[in-house]
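Topology and contacts: notes
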Amino acid sequence: MDPLILIFAFGFGLLAKQVGLPPLVGFLVAGFGLHFVGVQPSAQLELFADLGVTLLLFSIGLKLDVRQLLKAEIWGTATLHMGLTTLLLFLVLKSLAYSGLTLFEGVGGEALLLIGFAFSFSSTVFAVKVLEDKGDMSSLYGQIAIGILIMQDLFAVIFLTISKEGWPSLWAFGLLALPLLRPLLFRVLDRVGHGEVLVLCGMFFALIVGAELFYLVGLKPDLGALIVGMLVASHPKSSEMAKALFNLKELFLVAFFLSVGLIGLPTWEMMAVALVLVMVLPVKVALYFTLTNLFGFRARTSMLSSLALANYSEFGLIVAAIGWKAGVISGDWLVVMALALAISFLVSSPLNIHAAALYKRLGARLKQFQSARRHPGDRPLELGNPEILVFGMGRIGAGCYDELRTRFGDVVVGIEHDAVKIAAHKTEGRRVALGDASDSDFWDKLVAGDHLRLVMLAMPHHRSNLYTAQQLRAIDFKGHVAAVIRFNDERDELLAEGVSSVFNMYDEAGAGFAERVCSGDIEAEARS
C-alpha cells in the first residue's frame, strides 16, 4: 500500500479528533487530499473497503434485538421518517434540477430517488459515539435513536440485496435451513475462548459462513454477514465478539471513506448542492421530533433522540456507492454526499454537546407539542416519600439496605437497573425501583418526595457513583450522601462533588472481618 495513504489517513483522522469531530470526517478529507496529489484507488484499498462494510453488517447483526425492533415506536418512526424524508429530498433535488447546474445533466427520476433515499439515513457511528461520550447508551432516548438506526440499516441491507444483478440460484432456498446451524455455531463459540481466536471466529462467521455462502448462491454477501450475526446474537459471547471485532471493523472502514474521497475533488457546484442538502437537516430533525411525539414520548426524550439523528450517514454513502457501481448515478454524487456528510457532523456535534442546555431554553415551547398520552416507558418515576435511597442493589447495596431498614424502619428504597435483580429483591420483601442513575433521563423523571435525608451510593462502578453525586449536587440536595470506593484515589473526586462520607469497601470489609474475629464470634460459632 502507498505510504501516503497511511500518512494522510492518520494525519487528517487525528486532526479531526482534536477538533471534536468523528475521525471519519478526517478520512473523507484525506481521500480528497490523496486524489489531489495524484494517488489512484487500488484493488487492495477496495478489498479493505468491502471487508469493512461486511464486518459492519455482521456487527449490526450481533447487536440486533428483534423484540426491540418490533415496537411500534421504533419501526413506525423509522419507516415513516425514511419514506417522508426520501420524498422531501427527491422534491428538493427535482427543484434544483431546473437550476441549470451541470451536476444534474442526465440525472433522471430514478437517480434522484436513489440519492434522496441515501440522504434519508442518519449516522450510526456518530450517534453511538455521542451517546457513549455522554453515558446515555442505556437511556430511553438513546435506545430510541439506536433502534431507529438499526431499522434504517435493515432498509439499507434490503436495498443492497435488491440491487444485486441477476437472480439467485435455486440453491439459495437451502439457506432457509441456516437456523439449523445455530446449535453448531453456538458450540464453536463455547470452545473458542477469548483473544485472537475469538476475533478469527468472528471473521470466519462473517466472511465464510455468511458472505461467501450467500455469494455462492447468488445473493448479496453483506446480507449473509448480517443474517449470521443475527443467528449468534443471543449467545453470551456475542457482545464480547462485537467488541473484539470493533477495532478491526473500524480500520477496514477507513479504507471505505478514503476510497470515497479518492473518487474526485469537490467543485464549487458540488459544495453548493451539499450546502442546500445540509439546510434540509432542520426539517429532518423536526420530522423525527414530530413522529416520536406521536408515540407519547416527552418533549425532552423526543428532542434528544432527534438531535442524536441530526446528520447524514456513512451507510447512505454505502448505498450511494452501490448506485454508482450500478451506473445509476455518477461518482460526482458520491463527492456531494461525502461533503454533506462531513458538514452535517460539523453542525450536529455542538448541538449534541449542548443538548441539555438547549432543552432548558426551548423546553417550555417544545412541551406545547407534547402528546397528552404518555408512553409507559417515559412516565415519571414515583418512589413514594422515602427518607433513604440506596443506589445499586448488589451485595453491598442489599446489605446496606437491610441494615438501614432494621434501624430506621420501612423508609428505605433501593434503586437498581437490572430487572432480574429487582425481581429477586422483591421476593425477599425489599422495596426496589427500576432505574439507572447514570442515565440523564432518570433524574428528569425522578419524583422522590420531600422527606429524603440520606443517599447511599453503592454502585460497582466509580463513574456511576460520581455521576450520581454530580446530579444530586445539581438538584441542590441538602441531605447526607455516602459512597463506597474501591481505590483511595477515587475519594477526592467524590468529596469534591459534595459526598459527605466515603468508605473503601476493601478496608471496611477487612476491618469488619478483623473485628468479628477479635470479638470471639468465630470461636463461639466453632464451639457450637
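About the cut-offs
Residues numbered from 1 in each chain as written. Predicted model: local features only at pLDDT ≥ 70, side-chain atom pairs only at ≥ 80, totals over all residues. Heavy atoms only, no water. pLDDT = per-residue confidence, 0-100. Helix = DSSP H or I, 4+ residues; strand = E, 2+ residues; numbered from the N terminus. Contact = heavy atoms within 4.5 Å. Axes fitted to C-alpha atoms, helices over the stretch in contact; angles between N-to-C directions. Parallel < 35°, antiparallel > 145°, perpendicular 65-115°, else oblique. Nonpolar A, V, L, I, M, F, W, Y, C, P; charged D, E, K, R; others polar. Buried < 20%, exposed > 50% of the residue type's maximum accessible area, 1.4 Å probe, protein only. Lys, Arg positive; Asp, Glu negative; His and termini not counted. Salt bridge = Lys/Arg side-chain N within 4 Å of Asp/Glu carboxyl O. Core = buried A, V, L, I, M, F, W, Y, C linked by side-chain atoms within 4.5 Å. Phe/Tyr/Trp six-rings, centres within 6.5 Å; stacked < 30°, edge-to-face > 60°. Lys NZ or Arg CZ within 6 Å of the ring centre and 35° of its normal. Pairing = 2+ DSSP bridges. Right-handed = clockwise from strand over helix to strand, strands pointing away. Left-handed = near helix turned anticlockwise from the far one by under 90°. Polar contact = N/O pair within 3.5 Å; in protein donor to acceptor, adjacent residues only side chain to side chain.

All right, on to the confidence of the model for the protein chain then. Of all residues in the protein chain, 93% attain a pLDDT of 70 or more, and the chain-wide mean is 84. Ranking the elements of the protein chain by mean pLDDT puts helix α25 (residues 521–527) last, at 47, and helix α14 (residues 281–294) first, at 94. Under a pLDDT of 50 for its full length, residues 522–528 has, in the predicted model, three contacts with residues more than four places off or in other chains.

Where helix α16 (residues 314–325) meets helix α17 (residues 331–353), the closest approach of the two axes is 9 Å, and the angle between their N-to-C directions is 175°. Taken together, α16 and α17 sit at an angle that is classed as roughly antiparallel. Of α17, the residues touching α16 (which contributes Glu314, Gly316, Leu317, Ala320, Ala321 and Trp324) are Gly331, Leu334, Met337, Ala338, Leu341 and Phe345. Taken together, the residues that form the contact of α16 with α17 break down as nine nonpolar, two polar and one charged.

Before going further, it helps to spend a moment on the side chain of Glu73. Looking at where Glu73 falls in the secondary structure, it is placed in helix α5 (residues 72–96). Among buried charged residues, Glu73 stands out as having no salt bridge; its nearest opposite-charge side chain is Lys71, 5.0 Å away. Ignoring any residue separated from it by four or fewer positions in sequence, one finds Glu73 in contact with Phe295, Phe297 and His375.

Let us now look at the nonpolar core. Counting residues in each nonpolar core, the largest one holds 132 residues, and the members touching the most others are Phe58, Phe205, Met241, Phe256, Tyr312, Leu317 and Trp333. Of the residues forming this core, the biggest block, 13 residues, is contributed by helix α8 (residues 140–162). Those residues within four positions of Leu317 in sequence are excluded, and the remaining contacts are Leu28, Phe256, Phe257, Val260, Leu334, Met337, Ala338 and Leu341.

Attention now moves to the packing of aromatic side chains. Think of a pair of aromatic rings as described by two things: how far the centres are apart, and how the planes are tilted against each other in angle. Going through the model one piece at a time under the given rule, you end up with seven aromatic pairs. Measuring from centroid to centroid gives 5.1 Å for Phe117 and Phe121, while their planes differ by 75°, and the two rings are edge-to-face. Exposure remark for Phe121: the relative accessible area of 0% places this residue in the buried category. With 4.8 Å between their ring centres and 80° between their planes, Phe119 and Tyr312 make a pair best called edge-to-face. Placement of the pair is Phe119 in helix α6 (residues 109–119) and Tyr312 in the loop between α15 (299–308) and α16, with a sequence separation of 193 residues. For the pair Phe119 and Tyr312, a shared accessibility class is recorded, and that class is buried. Its guanidinium or amino end placed over the ring of Phe408, Arg453 lies 5.2 Å from that ring's centre, counting from NZ or CZ.

On to the pairing of strand β3 (residues 412–416), then. With five of its five residues buried, β3 lies for the most part within the structure. Across the two faces of β3 the burial is the same, with Val412, Gly414 and Glu416 and Val413 and Ile415 all buried. Pairing analysis gives four bridges linking strand β2 (residues 388–391) to β3, with the strands arranged parallel. When the sheet's bridge partners are listed, Val390 is paired in β3 with Gly414. This β-α-β element, β2 to helix α19 (residues 395–408) to β3, shows right-handed connectivity. With three bridges connecting them, β3 and strand β4 (residues 432–434) associate as parallel partners. Residue pairing across strands places Gly414 opposite Val432, the latter belonging to β4. The parallel pair β3 and β4, bridged by helix α20 (residues 419–427), forms a crossover whose chirality is right-handed.

In this section: the packing of helix α2 (residues 23–36) against α17. Interaxial distance between α2 and α17 falls to 10 Å at its minimum, and their mutual angle equals 145°. At the point where α2 passes α17, the crossing takes the left-handed sense. Residues Leu24, Val25, Leu28 and Phe32 of α2 form the contact with α17, whose participating residues are Val335, Ala338, Leu339, Leu341, Ala342 and Phe345. In the contact of α2 with α17, the residues fall into 10 nonpolar, no polar and no charged.

What follows concerns the side chain of Ser122. Along the polypeptide, Ser122 turns up in the loop between α6 and α7 (124–134). There is a polar contact of 2.8 Å between the side chain of Ser122 and the backbone oxygen of Leu309. With near-sequence residues (within four places) excluded, Ser122 lies in contact with Leu149, Gln152, Lys284, Tyr288, Leu309, Asn311, Tyr312 and Ser313.

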